[in-house]
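Now for the letters of each chain:
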Amino acid sequence: MDTSDFRKYGHDIVEWIARYFENVEKYPVKSGLLPGTIKGALPDNPPSGGESFDLFLRDFDEIIMPGITHWQSPNFFAYFPANSSPPSVLAEMLTAALGTQCMIWETSPAAAELEEKMMDWLKVMTGLPSEFEGVIQDSASSATLAALITARERATQFVSNNEGLQDAGRLRIYASAQAHSSVEKGAGVAGFGRKNLVRIPVRDDYSIDPEALEKAIENDISSGYIPCCVVATLGTTGTTAIDPLRPVGEICRKHNLWLHVDAALAGTALLLPEMRWMTDGIEYVDSLVFNPHKWMFTNFDCSAYFVRDAASLIRTFEILPEYLKTRTRGEVNDYRDWGIPLGRRFRALKLWAVIRSYGVERLQEMIREHIRLAKMLAGLIEAEKDFELMAPVPLNTVCFRYRPSGMGDAEANSLNEKINHALNDTGKLYLTHTKIGGRYIMRMVTAQTGVTEKHVMQAWDLIRDAASSLSSQDRAVDID
Ligand SMILES: *Cc1c(COP(=O)(O)O)cnc(C)c1O
């Protein structure tokens, strides 16, 4: 493609994107395609000669778009959001154009220095300690894995990387029963063994029980295990429960354990001074990750990983083959030493665009509004006979179920599952579920970039209608 075609199609695509943003709420939120549909529509062999880009764009519209679930729809209330925004997309286009490889400072000094500055800005924006140092990772899963490996190295006097893990099967990790699956995956990948992730019971609000944590650690010590790391969560994926960092941190300090905080979603709420109670006890924290690519309007991928002691992180990951030796080593941040991959995208650019384009105050307003919407919805659910709120709502996520009086858990489970699927099949909204204590719970996350009260109210009307019509169908079947 020459630059004149590039220019022509580039304009077309920007126009396409602008129209998409304007109309995204009209698309069926969740793609309803059957498995294999897209594969079946694609040729088995690649073209041997080049094709017109028009054909690519036609197939994008006709084949690909029907198989897209619209995460940028304001009617997307599922999982946690993966928010994008216009400034983020524009900056991402520039990142793609530069195609720069940001493994070390020399391979693009601007990328390394902008990344360092953006991590400093995020510390200012979230009130995280100024002594933390940050790096952008591709995902919270990678950041948590990096934390677990660093904790492992520290606990084994930095010999495991070299010698292999001598204490395999004895080093232990602790996290609540509600912690994200990435902790378990990391425990396996980092060589601890998945069964050495000890799941700590939760309290009524689904946050970790510090007493149970301490007991588990003490039991392990007396049985010959080596406690190594605790992963606390701010904003669990199921219900956005918030683990209390201070008591957990005191336990970590007492037993010399690494404390990693998984704040993948909730970190963004730290932009609000009124939410900073979540980081009470931050002085005990060794590392923390949060995802601007979830709630902070910065398109995937952009995960902000902060560490108190960058030297331990670098000592864990640095490796210096001859071809990567530079004259500036030691004076600058070579981020390939701050995580697992060597190659790194220029991700700081979109973060810079988002923060500058919105400004901190507008970001705060948007996040505050999302929390207000969740609390408003929680109030409506509590006030509605036959609906139950299933967890506290500290952030942007409302957990609830429909259960007319007298209905048992088993029947409520199958009814709520039916309601959830029926709602998603309408294409008008998208909700996902969790299961806690054997109960099927619908989750509604009011944090998409474009969500407004109107979208939440429409969804709530649809939910109530679906619940009452499906439960009366169920009763009709019972009578038959
Ligand atoms: C989403 C989420 C993750 C995983 O995030 P990725 O960036 O997709 O790896 C981890 N922990 C929590 C609490 C999450 O909500």
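Here the structure is a predicted model, which means the values were calculated and not measured.

### A few points about the overall build of the protein chain
A tally of helices and strands in the protein chain yields 15 helices and 11 strands. For 480 residues, the compact-globule formula gives about 23 Å, and the C-alpha radius of gyration of the protein chain, at 24 Å, lands near that figure. In terms of its C-alpha atoms, the protein chain occupies a principal-axis envelope of roughly 75 × 70 × 45 Å. For the protein chain, buried positions account for 52% of its 480 residues. Considering only residue pairs separated by 6 or more positions, the protein chain has 72% of its internal contacts joining residues 24 or more positions apart.

### Comments concerning the domain arrangement of the protein chain
Annotation of the protein chain at the domain level lists domain 1 (1-30 + 69-83 + 360-480) and domain 2 (100-346). For domain 1 and domain 2, the distance between their C-alpha centres works out to 30 Å. Counting residues at the interface gives 25 residues for domain 1, matched by 27 residues for domain 2. Run the count over domain 1 and domain 2 and you get one salt bridge. Taken together, domain 1 and domain 2 are joined by seven residue pairs in polar contact (both at pLDDT 80 or more). Among the secondary structure elements, those contributing two or more residues to the side of domain 1 that touches domain 2 are α13 (348-383), β9 (397-402) and β10 (432-436). Looking at which element gives the most residues to the side of domain 1 that touches domain 2, the answer is α13, with eight residues. Tallied by class, residues from the side of domain 1 that touches domain 2 come to 16 nonpolar, seven polar and two charged.

So, how was this worked out
Residues numbered from 1 in each chain as written. Predicted model: local features only at pLDDT ≥ 70, side-chain atom pairs only at ≥ 80, totals over all residues. Heavy atoms only, no water. Helix = DSSP H or I, 4+ residues; strand = E, 2+ residues; numbered from the N terminus. Rg over C-alpha atoms; globule rule 2.2 N^0.38 Å. Buried < 20%, exposed > 50% of the residue type's maximum accessible area, 1.4 Å probe, protein only. Contact = heavy atoms within 4.5 Å. Domains from an automatic or database assignment. Salt bridge = Lys/Arg side-chain N within 4 Å of Asp/Glu carboxyl O. Polar contact = N/O pair within 3.5 Å; in protein donor to acceptor, adjacent residues only side chain to side chain. Nonpolar A, V, L, I, M, F, W, Y, C, P; charged D, E, K, R; others polar.

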